[in-house]
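Read off the chains here:
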Amino acid sequence: MKIIIAGAGAVGTHLAKLLSREKQDIILMDDNEDKLSTLNSNFDLMTATASPTSIKGLKEVGVGEADLFIAVTPDESRNMTACMLANNLGAQKTVARIDNYEYLLPKNKEFFQKLGVDSLIYPEMLAAKEIVSSIRMSWVRQWWEFCGGALILIGTKMREKAEILNIPLHELGGPELPYHVVAIKRGSETLIPRGDDTIKLHDIVYFTTTRKYVPYIRKIAGKEDYADVRNVMIMGGSRIAVRTAQYVPDYMQVKIVDNDLNRCNRLTELLDDRTMIINGDGRDMDLLVEEGLKNTEAFVALTGNSETNILACLAAKRMGVSKTVAEVENIDYIGMAESLDIGTVINKKMIAASHIYQMMLDADVSNVKCLTFANADVAEFTVKAGSKITKHPVKDLGLPKGATIGGLIRQGEGVVVMGNTLIQPGDHVVVFCLNMMIKKIEKYFN
Amino acid sequence: MINFKTIIRIIGILLLLETVMFLVCSGVSFYYRESDMLDFWKAGGITAGVGLLLAALGKGGERQLTRRDGYVLVSFAWVAFSLFGMLPFYIGRYIPDIANAFFETMSGFSSTGATILDDIESLPHGILFWRSMTQWIGGLGIIMFTIAVLPIFGVSGLQVFAAEASGPTHDKVHPRIGITAKWIWSIYAGITALLVGLLMLGGMDWFDSICHAFATTGTGGFSTKQASVAYYNSPYIEYVISIFMFISGINFTLLLLFVNRKFKKFIGNAELKFYFGSVVLFTAVIAIVLYYTSPMGMEESFRKSLFQVISLQTSTGFATDDYMQWTPVLWGLLTIIMLMGACAGSTTGGLKCIRMVILTKVSRNEFKHILHPNAILPVRINKQVISPSIVSTVLAFCFIYISIIVIGTLLMMAMGVGAEESMGCVISSIGNMGPGLGETGPAYSWNALPDAAKWLLSFLMLLGRLELFTVLLLFTPDFWKRN
């Protein structure tokens, strides 16, 4: 598959590295040669020094044969222009990164397709959604819904009160168990457990279950004493902060702390009175306490500096805030931030990249999410009649090590998959696997 | 630190690949019902055994290779290939002496073409075929060959490729290195097949055609005849080989552009222009001098001049005439050509035309700079500005190249070799040409040189083939430090 990525910024380079390891033909374009030279000599991809909006440049990289054109420069209108040019020059599918909520409205979809922009991606919006869903369920580290909520993935950290520690998984319960453990993150390592693995203290465990049994998961994880979030404090008035404040449910009260007065004034224009804007340094604990940090259930650090975010979250945790969320843009820090007990780590690059990654997978896959914590992929497949996976019960399929079927949705109802489950054509199957093994798994579905 | 486990494993797999090559040669022996078949089986058995052992020893290492590992791997892979590649010569007592056998093999893999054999025609066909095949495989590169046929490097293919590829910059023709390698190898194989056909039309038998085609497109220069191409005494064969040597001296990514019918880019390439220009200029000058100083006629002077110029500039080293019999100023001209070489990214040796182009532009800029002290003077090639770091790499490369020639010549003289021969051998080895000057010229083999000189020259061939830095880097203390 030939993929052209325009813009060698954080998202573009991350995506290019990710896809080049996947043996896709990647051409990365940027008009700044310095950004490209190290990538060119260290990764199996081709770079082109040309402006993404130059027709000559686009023709030179062979946009006519491209299967996918992704414009991820920082400038929204430039991305749109590049996509329109690429589409008219013959690119099969185009994706533009945008910075405007209006464009995402469903009624505009057809209009943009007519212009030649097939998909839009709004990393700040995706990040905001993830933040909100993580603070809505403060005891949950990760929350992901499949098929409109029929099946739910929950990631949560095991504390002393958990009821399922040190018991081999196959002893936890018979076929009636209403959940399935799909992944365990222990230290910096992610494992897809088998029946004889056990859950240990401080593991982050990922369950799939149905909505009905979420309280049960909360009980066995020993998290019943976690308070629901009503007050949120956000440090750093970035674009993600604005989106988050707009996106939180009405019962939550949001305070944004930023130390740039001009930015604060701008934030008051962008947001309504529901949100309180505070001018001050988010690292100043006295200020935060004065503004009611002790009554706050969630603290979200979204400054441009990953280190500040991590440290601020740790400080907030000391002050008794139960849920902390940090934006960490440095991928190497994510594992460390996780081990330091930060509730949820948000990485804009990875969210955007996994979103685009799902677009390039075969049409049968409707949803892939890169779990930032677990280094695992989640893919949703629709089962075709006669495919390999329908032939045997799950335990006899011989799925490769490091992959597991988390659950399936049959006629709109979520079902937790056990060893004896036989998958039927028409099911939506949710698969978990390590290290981009999706390509191998795909074979079972075709 | 260096990832020795994976390096050992890959070298083991490479040796298995070499075993397959031995089996191909034993097929040739079988066809001619000659005794060397057994030697290939013995050599293959040893190589496969060591290969399997190394592959097993290196099991379970980290798959990812760093840039550092790439340099170690490439250097050692070439040495290992030559060490085991000499087994057929040595086991069969065709070359009973280790220094000679290693020299001959390294000369083949580095596509140099200098030989220590005094009676080539007496050797069996399988051995001759192996000798020619080493040049063909080595011409484009052992690693490049492996990348094209086996996916053993995984994501590290690029790091390894960069350590072997020639020229100061590497153009990519396809986003993925594996496919780039496949395209380039198919062009290479296509040119070779075409040449085999044309040579057979000229009256060569199929065995000689294939061997000479291997030596031509690999720009090696091993012939199956003691008298080299002059043996055939056929103007047709001489012209055909001249043309194909010229083609093999062009950057293969450019040839790919030509095949894809992007003629404008092909014609406009600065390096190609320089290469073509220098061939035309030197051929004309030498032809005119030959016409007036030797008994040759007009056509013959032109033909001999063309063949010798292209043969030396592309570092092939075939000969149709003993240029040591020509008037001495012509040796000087030919030495300049030997130093220059053809295009980067081809199968040739020498300094490479692209570096000459950059050097001329840098020098011209220096003069301009004296007149206009405040001017910003970029070095532009193919309308693109070459970054100063590449320019300084080129300058350093040329300096090291010349220094090695001087040191090498002195060492050779210290071993008791004559001055003219010393210089000729060193320039010829580091540039991967083949014939030298004086007593080591096209009419002689290098058998008379002392053993120490043969080891030295083998090393220089490897150095020249991997373009100095890859090998020399291993000799710098910093390389082995943990930081």
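Residues numbered from 1 in each chain as written. Chains lettered and ligands numbered in written order. Predicted model: local features only at pLDDT ≥ 70, side-chain atom pairs only at ≥ 80, totals over all residues.

An unreviewed UniProt entry lists chain A under the name Trk system potassium uptake protein TrkA, with Bacteroides uniformis dnLKV2 given as the organism.

## Description of the UniProt feature "domain: RCK N-terminal" (unreviewed entry) in chain A
Listed under "domain: RCK N-terminal" (unreviewed entry) in the UniProt record, and renumbered for this structure, are residues 1-121 and 229-346 of chain A. Taken as a whole, residues 229-346 of chain A contains 40% helix and 24% strand, while its terminal C-alpha atoms sit 18 Å from one another. (UniProt positions renumbered as here; feature names shortened; annotations may be inferred. Helix = DSSP H or I, 4+ residues; strand = E, 2+ residues; numbered from the N terminus.)

## Here we look at unusual backbone geometry
Excluding glycine, residues mostly have negative phi values, and the peptide bonds linking residues are mostly trans. In the Ramachandran plot, A:N166 falls in the positive-phi region, its phi being about 60° despite a non-glycine side chain. Relative to the elements of secondary structure, A:N166 occurs in the loop between β8 (151-157) and β9 (179-186). Looking at A:N166, the number of C-beta atoms within 10 Å reads 9, which means it is exposed. Phi at B:T219 takes a positive value of approximately 45°, unusual for a residue other than glycine. Along the chain, B:T219 turns up in the loop between α10 (206-217) and α11 (235-248). Using a count of 33 C-beta atoms within 10 Å as the deciding quantity, one classes B:T219 as buried. (Buried ≥ 20, exposed ≤ 12 C-beta atoms within 10 Å, placed from the backbone.)

## Considering the packing of helix α9 (residues 177-201) of chain B against helix α12 (residues 252-259) of chain B
Residue and element names in this part refer to chain B. Closest axis-to-axis distance for the α9/α12 pair is 10 Å, and the angle between their directions is 80°. Overall, the two elements α9 and α12 adopt an arrangement that is roughly perpendicular. Touching W183, I184, I187 and Y188 of α9 are F252, L255, L256 and V259, all from α12. For the contact of α9 with α12, the residue count by class is eight nonpolar, no polar and no charged. (Axes fitted to C-alpha atoms, helices over the stretch in contact; angles between N-to-C directions. Parallel < 35°, antiparallel > 145°, perpendicular 65-115°, else oblique. Contact = placed C-beta atoms within 7 Å. Nonpolar A, V, L, I, M, F, W, Y, C, P; charged D, E, K, R; others polar.)

## Details of the packing of helix α7 (residues 142-149) of chain B against α9(B)
Residue and element names in this part refer to chain B. The interhelical angle for the contact between α7 and α9, taken along N-to-C directions, is 110°, at an axis separation of 8 Å. Taken together, the axis directions place α7 and α9 in an arrangement best described as roughly perpendicular. Only I177, G178, A181, K182 and W185 of α9 make contact with α7, whose side of the interface consists of M144, F145, I147 and A148. A breakdown of the residues in the contact of α7 with α9 according to their chemical character gives seven nonpolar, one polar and one charged.

## Details of the nonpolar core
Residue and element names in this part refer to chain A. Judged by nonpolar contacts, the single largest core of 229 residues is most densely connected at I5 and I70. Discounting chain neighbours no more than four positions away, the residues touching I70 are I3, I5, A6, L15, V95 and I356. Ranked by size, the runner-up nonpolar core spans 44 residues in total, among them I192, A221, A403 and I441. (Core = buried A, V, L, I, M, F, W, Y, C linked by C-beta atoms within 7 Å.)

## Focus on the interface of chain A and chain B
Taken residue by residue, the interface counts nine residues in chain A and nine residues in chain B. Here the element with the most residues in the side of chain A that touches chain B is strand β2 (residues 25-30) of chain A; it accounts for three residues. Looking at the side of chain A that touches chain B residue by residue, the class counts come to five nonpolar, one polar and three charged.

## What to know about the domain arrangement of chain A
Under the domain assignment, chain A is made up of domain 1 (2-121), domain 2 (141-220), domain 3 (231-321) and domain 4 (353-445). Computed from C-alpha coordinates alone, the two centres of domain 2 of chain A and domain 3 of chain A are separated by 31 Å. (Domains from an automatic or database assignment.)

## Structural notes on the pairing of strand β13 (residues 253-258) of chain A
Residue and element names in this part refer to chain A. Bridge count for strand β12 (residues 231-235) against β13 is five bridges, and the pairing is parallel. Bridged to N231 within β13 is Q253. What joins β12 to β13 is helix α9 (residues 239-247), and the crossover it makes is right-handed. Relative to strand β14 (residues 275-279), β13 runs parallel, the two being bridged by five bridges. Note that in β14 the partner of V254 across the bridge is T275. (Pairing = 2+ DSSP bridges. Right-handed = clockwise from strand over helix to strand, strands pointing away.)

## Quick look at the environment of A:V328
Counting through the fold element by element, A:V328 comes out in the loop between β16 (323-327) and α13 (331-339). As for A:V328 and A:I70, which are separated by 258 residues in sequence, their C-alpha atoms are 24 Å apart.

## Some words on the confidence of the model for chain B
Across chain B, the average pLDDT comes to 89, with 99% of residues at or above 70. Taken over the whole predicted complex, pTM reads 0.78, whereas the ipTM for its chain interfaces reads 0.71. (pLDDT = per-residue confidence, 0-100.)

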